[in-house]
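# Observations on the three-dimensional arrangement
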Amino acid sequence: MMRGKYVIAGIGHTAFGSLPGRSTISLNVEAVRNALADAGVEKDIVDAVLVKYPTSHFESIYGQKVAEALGLTPRINCVVDQAGASNIGMIGYAAMAIEHGQCEVALVSFADNPKTGSRAVFSRSRDPNAVFGWFGVPAGYAMVARRHMGEYGTTHAQLGAVAVACRRHGAQNLRAQLKKALTIEEYLEQPMMVAPFRRDDCCLVSDGGAAVVVMSRERARQLKVRAPVPILGFGQGHTAWDVAQRPDMTTTMAKASAATAFKMAGLLPKDIDVAQIYDCFTITALMTLEDYGFCKKGEGGHFVEGGGIEFGGRLPMNTAGGLLSETGMPGLQLVLEGVRQMRGEAVLQVPHARTSIVSNQGGVMHTHATLILGQP
Amino acid sequence: MTDDEKAAALRPPADPLGDQFWQSLKEGRLTFQRCKHCGNAWLPVRSECPRCLEADWAWENASGAARLISWVVYHRAFHEAFADRVPYTVAVVELTEGPRMTSNIIGAGDPEALKIDQALRLVIEPDFGLFVPRFTPV
Ligand SMILES: [Zn+2]
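A quick note: this is a predicted structure, and the numbers were derived from the prediction, not measured.

Attention shifts here to the overall build of chain A. When you go through chain A residue by residue, the secondary structure sums to twelve helices and eleven strands. Taken over the C-alpha trace, chain A has a radius of gyration of 19 Å; the compact-globule value for 376 residues is 21 Å, and the two agree within 12%. Across the 376 residues in chain A, those meeting the buried criterion constitute 64%. Contacts in chain A between residues at least 24 apart in sequence constitute 76% of all its contacts with a sequence separation of at least 6. As displayed, chain A has an accessible area near 13,100 Å², and 54% of this comes from carbon and sulfur atoms. Side chains of chain A carry 36 positive and 33 negative charges; the gap between the two charge centres is 2 Å.

Residues and elements named next belong to chain A. End to end, helix α5 (residues 156-170) covers 21 Å across 15 residues, agreeing with the expected 21 Å (1.5 Å per residue, within 8%). Most of α5 is tucked away, with twelve of its 15 residues classed as buried. All of the buried residues along α5 are Gln158, Leu159, Gly160, Ala161, Val162, Ala163, Val164, Ala165, Cys166, Arg167, His169 and Gly170. In this fold, the buried residues of α5 make contact with α4 (137-152), α6 (184-189), β6 (197-198), α9 (282-291), α10 (300-304) and α11 (322-325).

This part is about the coordination of the zinc ion. Metal coordination angles in their ideal form are 109.5 degrees for the four-donor tetrahedron and 90 or 180 degrees for the six-donor octahedron. Residues and elements named next belong to chain B. Those donors, Cys35 (SG), Cys38 (SG), Cys49 (SG) and Cys52 (SG), are the protein atoms that reach the zinc ion, and they lie 2.3 to 2.4 Å from it. For the zinc ion, the four donor atoms in the first shell make angles of 101 to 117° at the metal, so the coordination geometry reads as tetrahedral. Read N to C, the donor residues that coordinate the zinc ion are spaced as C-x2-C-x10-C-x2-C. Note that cysteine 35 is positioned in strand β1 (residues 31-35) and cysteine 52 in the loop between β2 (41-42) and β3 (57-61), a separation of 17 residues in sequence.

Residues and elements named next belong to chain A. Among the structural elements, glutamate 305 can be located in the loop between α10 and α11. In this view, glutamate 305 contacts Gln158 and Ala161; residues no more than four positions away in its chain are not counted. A distance of 3.3 Å separates the side chain of glutamate 305 from the side chain of glutamine 158, its partner in a polar contact.

Attention shifts here to the pattern of salt bridges. Between side chains of opposite charge, pairing is possible as soon as their charged atoms come close. Residues and elements named next belong to chain A. Scanning the model with the defined rule gives 31 salt bridges over all chains in all. Notably, a salt bridge pairs aspartate 47 with arginine 75, separated by 3.2 Å at the nearest N-O pair. Separated by 28 residues along the polypeptide, aspartate 47 in the loop between α1 (24-39) and β2 (48-52) and arginine 75 in the loop between α2 (62-69) and β3 (76-79) bring together distant segments of the chain. By relative accessible area, aspartate 47 is classed as buried at 13%. With a relative accessible area of 52%, arginine 75 lands in the exposed category. Close ionic contact of arginine 167 with aspartate 200 constitutes a salt bridge, the shortest N to O distance being 3.0 Å. With arginine 167 in helix α5 and aspartate 200 in the loop between β6 and β7 (208-216), this pair connects stretches of sequence that are 33 residues apart. Comparing arginine 167 with aspartate 200 shows no difference in burial state: the two are buried.

Basis of the calculations
Residues numbered from 1 in each chain as written. Chains lettered and ligands numbered in written order. Predicted model: local features only at pLDDT ≥ 70, side-chain atom pairs only at ≥ 80, totals over all residues. Heavy atoms only, no water. Helix = DSSP H or I, 4+ residues; strand = E, 2+ residues; numbered from the N terminus. Rg over C-alpha atoms; globule rule 2.2 N^0.38 Å. Buried < 20%, exposed > 50% of the residue type's maximum accessible area, 1.4 Å probe, protein only. Contact = heavy atoms within 4.5 Å. Areas by Shrake-Rupley, 256 points an atom, 1.4 Å probe, with all protein chains shown as cover. Lys, Arg positive; Asp, Glu negative; His and termini not counted. Charge placed at Lys NZ, Arg CZ, Asp CG, Glu CD. Expected span 1.5 Å × (residues − 1). Donors = N, O, S within 2.8 Å, 3.2 Å for Na, K, Ca; no water. Tetrahedral: all angles 85-135°; square planar, octahedral: opposite > 155°, others 65-115°. Polar contact = N/O pair within 3.5 Å; in protein donor to acceptor, adjacent residues only side chain to side chain. Salt bridge = Lys/Arg side-chain N within 4 Å of Asp/Glu carboxyl O.

Printed below as a string of structure tokens:
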């Protein structure tokens, strides 16, 4: 059994927001330096480097360029492309590689600089449909949101409740790029951008990097790592098909991803104390909560209303602000906050939290990965 | 941006099957592919059946009847070719024959009053140097 056998031994990140003049390699190195320092280990013990390529700019052998900048010649070294699900995907692959003797200490790292660099990738045409005016990532998620509203009666105010929760939490996070709370009235007064989405349904565009160190619990004990957080479960599921081609637009393979992770952890949704749910768009978090089984399909809107996902609610979610408030980077910030919650070191620390679930997803709900963490 | 520049910027990427699809529209027909091996029907164009993986298929003409799966309304242009067209509606529609495609809804009045699964019919419009398959409420 792999449950609890592997740990996140260290976490690190850069500043989030506008970081002019910083290359993605530089941001990766800073994040890794901080993660190694947090674990209290030297870089020389690292023998695996897994990297998500910068979303705004694909580059061949990018993982090796990061390893060179880190001064390492790892046994395992790769870029994994599962879009926004990559980072949790790589944490799982790292644990499996260690389990099978392919490496012992793995870095999982991501950095990007779309805010001060190029963000063209986020508004490009979804070829060959440019002639219909089908541009940009927000529209893909808005298409899913509209179907959810039509099938289940989900309301604008319920989408807004996700943004309000994340912004409330982010406002108390000094690291957050957007430290400005949002009321539901302010949300509803905003004009439509790509209806049914308003601006504040959409994630931030951010420069920054983050990294984690993965090793066995035994190795962490030998190295006297301060607060190794055990990985209780992980899983993946890939809807894969384009939004227009999915027979069912409002259920995704997030369901299979969570089922795999819950089975590995020997837990059920009711056993989860705090959640970090990928919120690139408000609908993403709402649907993930349904697919994870925190509520029935179609009841996500009701679940997120009335402060249920806010600090002090029944399932506190995105306690550092998520993609809507802390940083728009694809997913590692959620893992970092899950680790802090398990260590008891979060700013908005959920009292007595013993389990934390983290979701990562990407494309337009094409990819999904789930991570369940326990206490050190 | 001139009309020619818009057409060049929005033209679908050159592709032998895609070119046949757009040529049929020029002749007034919306076509889809049907597998001769398993009967599966699909869009967008691809060279193998995504159900049985065989490459033995034929074009069929769509009746033009469809239903609305979902839609979005752009109030902001993400490309300058659409700057003078906002607000406009992009939809996922399902043809009666089964295939789903991305398209536009036209002639709907207030697009916020549309309903999922409502009936639509095909309208082929000359635009951007192509003949574009769009849909309107029945
Ligand atoms: Zn077939």
